[in-house]
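Listed here are the chains, written in short residue letters.
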Amino acid sequence: MRTGTALRVGADVVVIHQVAESVDRFGARYLERVYTEHELRSCTGSPASRNASLAARFAAKEATIKVLRPRDHQPDWRSVEVRRDAGGWCTMALTGHAAALADQAGIDELAVSLTHEGDMAAAVVVALCHAEDETIDHGALPALDAFGRKN
Amino acid sequence: MDERIRTILREYGQLPLEVDKIGDDDDLYQAGMTSHASVNVMLALEDEFDIEFPEAMLAKGTFESVAAIRTALGELIGA
């Protein structure tokens, strides 16, 4: 059976001051329920800077879940982790149910981009899926000829 | 129980409409509740009812309506 490649894209925005309110209201319970130790270590600096980083990471988690397309049980927030490389860029790391969903979807690679401006943080996640032909939604990625025209 | 649930939704649901106008079975996500707001709703429900939602109940459906929340709380409080 032939195999093919497909892309999935997820995006999300989070209001930074709402993250700040969650930190103020629920403290460690909020932080430890949603973010991994690595993520919490990565979000440092002033409270404003930390909250912006946390909001961007929440957006990345939600964007990743959109890519994973869970049908019922949603992955634990901490099973979708934003890993910050020493070089400054970020990657996604999945564990548990999130990793299982990625495996089922044939997702080999995830790429993430985080940003924040003013009171908004956002993330875009792109997944590269390798799957058998009948499992790929070709409608989402039309075949193009050498000139970029739809076949 | 319903009024306590609605009080929490009013305070933490970040809904763009009056909670009193939401029916028991209306979809809270379609009504405008974000995923981040649902985390706050979950934590506030835990405080209010002195419970903890296990990972198995973190499905989006658990918090999708007043009726669904009431059912989930009933399972946890009755456990």
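What this report covers is the structure whose coordinates are included nearby. Source: prediction; values computed, not measured.

**Quick look at the overall build of chain A**
Helix and strand counts for chain A come out as four helices and five strands. Each helix (α) and strand (β) of chain A, taken in turn from the N terminus, gives the series β-α-α-α-β-β-α-β-β. The buried share of chain A, reckoned over its 151 residues, is 33%. For chain A, the share of sequence-separated contacts (at least 6 apart) that also reach a separation of at least 24 residues comes to 63%.

**Digging into the interface of chain B and chain A**
Facing the 11 residues of chain B at the interface are 13 residues of chain A. When grouped by side-chain class, the residues that make up the side of chain B that touches chain A number four nonpolar, five polar and two charged.

**Structural notes on the nonpolar core**
Judged by nonpolar contacts, the single largest core of 52 residues is most densely connected at A:Ala55, A:Ala59, A:Ala60, A:Val125 and B:Val41. No other element matches helix α3 (residues 47-68) of chain A, which puts 11 residues into this core. When near neighbours in sequence (up to four residues on either side) are disregarded, B:Val41 contacts B:Ile8, B:Leu9, B:Tyr12, B:Gly13 and B:Phe63.

**Things to note about the packing of helix α1 (residues 2-12) of chain B against helix α2 (residues 35-49) of chain B**
Residues and elements named next belong to chain B. Contact geometry for α1 and α2: axes closest at 9 Å, N-to-C directions at 140°. It follows from the interaxial angle that α1 and α2 lie oblique. The hand of the α1/α2 crossing is right-handed. Across the interface between the two elements, Arg-4, Ile-8, Leu-9, Glu-11 and Tyr-12 from α1 touch Ala-37, Asn-40, Val-41, Ala-44, Leu-45 and Glu-48 from α2. Here the contact of α1 with α2 is built from residues that sort into seven nonpolar, one polar and three charged.

**Here we look at the packing of helix α1 (residues 16-34) of chain A against α2(B)**
Remark: α1(A) packs on α2(B), axes separated minimally by 10 Å, with the N-to-C direction vectors making an angle of 70°. The orientation of α1(A) relative to α2(B) falls into the category roughly perpendicular. Of the two elements, α1(A) crosses α2(B), and the hand of that crossing is left-handed. In this structure, α1(A) contributes A:Gln18, A:Ser22, A:Phe26, A:Arg29, A:Tyr30 and A:Val34 to the contact, and α2(B) contributes B:His36, B:Val39, B:Asn40 and B:Leu43. Looking at the contact of α1(A) with α2(B), its residues break down into five nonpolar, four polar and one charged.

About the thresholds
- Counting starts from 1 at the beginning of each chain's written sequence and moves along it residue by residue.
- All chains are assigned letters beginning at A, and all ligands numbers beginning at 1, according to the order in which they are written.
- Thresholds applied to this predicted model are a pLDDT of at least 70 for local features of residues and 80 or more for the giving and counting of side-chain atom pairs; totals over whole chains, interfaces and linings are not thresholded and use all residues.
- The way it works is that DSSP assigns letters per residue, a run of H or I at least four long becomes a helix, a run of E at least two long becomes a strand, and they are numbered from the N terminus.
- Three exposure classes are used, all based on how many other C-beta atoms lie within 10 Å of a residue's own C-beta (placed from the backbone): buried at 20 or more, exposed at 12 or fewer, and partly exposed between those limits.
- The contact criterion used here is simple: two residues whose C-beta atoms, placed from the backbone, lie within 7 Å are in contact.
- Under this grouping Gly is polar, as are all residues other than the nonpolar Ala, Val, Leu, Ile, Met, Phe, Trp, Tyr, Cys and Pro and the charged Asp, Glu, Lys and Arg.
- By convention the nonpolar core is taken to be a set of buried residues drawn from Ala, Val, Leu, Ile, Met, Phe, Trp, Tyr and Cys and joined through C-beta atoms within 7 Å.
- The axes used here are C-alpha line fits, helices contributing only the stretch in contact, and every angle between their N-to-C directions lies in the interval 0 to 180 degrees.
- Put simply, angles under 35 degrees are roughly parallel, angles over 145 are roughly antiparallel, angles from 65 to 115 are roughly perpendicular, and the rest are oblique.
- By the definition used in this description, the sense in which the near helix is turned from the far one sets the handedness, with an anticlockwise turn below a right angle giving left-handed and a clockwise turn giving right-handed.

Functional significance is not addressed by these values, which are geometric in nature.
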